[in-house]
Amino acid sequence: MRIVIIGGGPGGYEAALVAAELGADVTVVSDEGAGGACVLWDCVPSKTLLSSAQAFSTLETAPSLGVHFQSAASGHPIPTYEADLPTIMGRVHDLAHAQSNDIGKRLIAEGAKFVLGTGHIVDPHTVEVRAGDEVLDRLECDAILIATGSDPRRLATAPTDGEVILSSQDVYRLKEVPERLVVIGAGATGAEYATGFLRFGSHVTFVVSRDRVLPSEDEDAAMVIEEVFRRRGLETVKNARAAMVERVGDHGVVHLEDGRTIEGSHVLLTIGQVPQTGGLGLEEVGVRLGDGGGIVVDGVSRTSVPNIYAAGDVTGKLMLASVAAMQGRIAMWHLLGQAVSPLRWDAVAATIFTDPQIATVGLSEQRAAKADIHVITETLPLSSNSRAKMSNLQDGFVKLLARPGSGTIVGGVIVAGYASDLIAPVSIACFNRLTASQLSQAFQIYPSFAGSIQECARLLAGKVQGDYRY
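Let us look at the structure shown here. (Residues numbered from 1 in each chain as written. Predicted model: local features only at pLDDT ≥ 70, side-chain atom pairs only at ≥ 80, totals over all residues. Heavy atoms only, no water.)

1. A word on the overall build of the chain
What counts is decided by this rule: Numbering of helices and strands runs from the N terminus, with a helix taken as a DSSP run of H or I at least four residues long and a strand as a DSSP run of E at least two residues long. We compute the radius of gyration from the C-alpha atoms alone; for a globule the expected value is 2.2 Å times N to the 0.38, where N is the number of residues. Throughout this description, buried means an accessible area under 20% of the type-specific maximum (1.4 Å probe, protein chains only), exposed means over 50%, and partly exposed covers the range between.
Within the chain, the secondary structure is distributed over 15 helices and 23 strands. The C-alpha atoms of the chain give a radius of gyration of 24 Å, which matches the 23 Å a tight globule of 470 residues would have. Considering only C-alpha atoms, the chain reaches an extent of 70 × 65 × 45 Å along its principal axes. Residues classed as buried in the chain amount to 49% of the 470 residues present.

2. Some remarks on the sheet that holds strand β14 (residues 251-256)
The cut-off we apply is this: Only strands joined by at least two bridges in the DSSP assignment are considered to pair. Each axis is a line fitted through C-alpha atoms, taken for helices only over the stretch in contact, and angles between the N-to-C directions span 0 to 180 degrees.
Ordered in space as β13-β14-β15, the 3 strands form an open sheet in which the pairing is antiparallel. In this open sheet, the two strands that pair with only one neighbour each are β13 (242-248) and β15 (261-264). On average, each strand axis in the sheet is tilted by 20° relative to the strand beside it, whichever way the strands run.

3. Remarks on the sheet that holds strand β20 (residues 357-362)
Quick note on the threshold: We call two residues contacting when some pair of their heavy atoms lies within 4.5 Å.
One open sheet holds the 5 strands; their spatial order is β19-β20-β23-β22-β21, and the pairing between them is antiparallel. For this open sheet the edge positions go to β19 (349-352) and β21 (376-381), each flanked by a neighbour on one side alone. With strand direction ignored, the average angle separating the axes of adjacent strands in the sheet is 10°. Pairing of β20 with strand β23 (residues 409-416) involves 6 bridges; the strand directions are antiparallel. The residue bridging Ala-359 from the neighbouring strand is Ile-414, located in β23. Lying over the sheet, helix α7 (residues 219-231) contacts β20, β22 (397-402) and β23, oriented at roughly 170° with respect to β22.

4. A closer look at the pattern of salt bridges
When charged atoms on two side chains of opposite charge get close, those side chains can pair. Put simply, the rule is: Within this document, salt bridges are pairs made up of a side-chain nitrogen of Lys or Arg and a carboxyl oxygen of Asp or Glu, the two lying within 4 Å of each other.
Per the counting criterion, the structure on display carries 24 salt bridges. Between Arg-199 and Glu-60 there is a salt bridge, with the nearest N and O atoms lying 3.2 Å from each other. Here Glu-60 lies in helix α3 (residues 43-61) and Arg-199 lies in helix α6 (residues 188-200), a separation of 139 residues in the sequence. A relative accessible area of 11% means that Arg-199 is categorised as buried. Classification of Glu-60 as partly exposed rests on a relative accessible area of 47%. As a salt-bridge pair, Asp-170 and Arg-173 come within 2.7 Å of each other at their nearest N and O atoms.

5. Observations concerning the nonpolar core
Just so we agree on the cut-off: Here, nonpolar core means buried Ala, Val, Leu, Ile, Met, Phe, Trp, Tyr and Cys residues that are tied together by side-chain atoms lying within 4.5 Å of each other.
By size, the foremost hydrophobic cluster in this structure holds 39 residues, and its most contacted members are Val-171, Phe-197, Phe-200 and Phe-206. Contributing elements (two or more residues each) for this core: α3, α5 (85-109), β10 (180-184), α6, β11 (203-207), α7 and β23. Judged by nonpolar contacts, the second largest core, of 28 residues, contains Leu-400, Ala-402, Ala-457 and Val-464.

6. Here we look at the pairing of β13
Across 6 bridges, β13 lies against β14 in antiparallel orientation. Directly across from Ala-242, in β14, lies its bridge partner Leu-256. A loop of 2 residues connects β13 with β14, the two strands running antiparallel in sequence, and Gly-249 in this loop sits at a positive phi of about 65°.

7. A closer look at the packing of helix α1 (residues 10-21) against α5
What counts, and what does not: Under this scheme an angle from 65 to 115 degrees is roughly perpendicular, one under 35 degrees roughly parallel, and one over 145 degrees roughly antiparallel; angles in between are oblique. Here is the rule for handedness: rotate from the far helix to the near one, and if that takes an anticlockwise turn smaller than a right angle the crossing is left-handed, while a clockwise turn gives right-handed. Residues are grouped as follows: Ala, Val, Leu, Ile, Met, Phe, Trp, Tyr, Cys and Pro are nonpolar; Asp, Glu, Lys and Arg are charged; all remaining types, including Gly, are polar.
Packing of α1 against α5 brings their axes to within 10 Å, and their N-to-C directions diverge by 25°. The orientation of α1 with respect to α5, classified from their angle, is roughly parallel. Handedness of the crossing formed by α1 with α5: left-handed. Seen from α1, the contacting residues are Tyr-13, Ala-16 and Leu-17; seen from α5, they are Ile-103, Arg-106 and Leu-107. Of the residues contributing to the contact of α1 with α5, the split by class is 5 nonpolar, no polar and 1 charged.

Here it is in structure tokens:
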């Protein structure tokens, strides 16, 4: 079977690997290197930047662990650290391109073809590869997967210039740490950049349209991050909406709807992502779009056109690399006749790479309450964990949610330094519908941060058995 995949990000390249493994003739068409924006401009660069920021947390806690620096021994009680932004950004670019090259090499090694250019669907069985208005090639195929991702949302009243008023992709062109950074948008992306630049020495101001940061996340988790931000000097302007952003000389000015203004040396817009559907020829072939502009797909990634599938941000659902990859795999499994189940939206895991990180999976307390689903919860502070005490870490917790009666784990939240790794056993429990009792009986290392998951599950199992109704 001949398959053309438009887009080389996680949804595209993971789908290509599956299809090639199953013997299909696969061609990936992408307007940028393998890995797409995720690898070149988003996930990989941002987490690389945050790895540098994490080093500041290690340095900060070192004296309390008995490790002192020369400046402290010389009579200066608080050592100072400086971010070398050109080196940090150089490492970001190098690592992103190295990862892209690795993905490209693996695609070729597995038998897939990779073509640079913009894909345009002429009909359900033909894709043109274009460079501007020039047609470079016409690819005949039996099926098409669209995995073109998303672009940063832009506002006409806040035009970015790449120097002072920045999109999330413009950040990596900075040569110096912003003196005063104003971040508009308090979601996951904004919180991650705020974490990094706070550590690098910027004075960061958050413009938040709600009454707290991370309004879509577990409230307890968001409160931990907000308190950490406050201690580190972040300023939050709540219940405020930006009406306009303009550059005045060498600085940016944010005009709020209530008439106030906020000035910064730089302004960063993190106001969401928009599915990248333009120029693909979707309307001409009958691919249906949803109200949010994303491609409408079913549980196995099929669009309204039988042999055209879509995966990732372009579908406008959960814009996560892991979701894109899974949608792409499921599409190929279904297309190529493998046994496959629809994507389990109730078992998706996600992480916000703040410091500490927030990792979630499955149902949240807020969504359960809104849907009138009764759940039993248990929360265990990280400060009670022996390993956390050894490392002098106190911010964070483990929270587990289970259904009454059965005790089936339906959700979890972990706030901790390595929550992105610690969420794995809770994700497995959610996906396989394990009970709190089963999770509590699985072995954990002592001492370990993961021990808190076992202990929290044990306490939750006790609640389920007693069926306490709070």
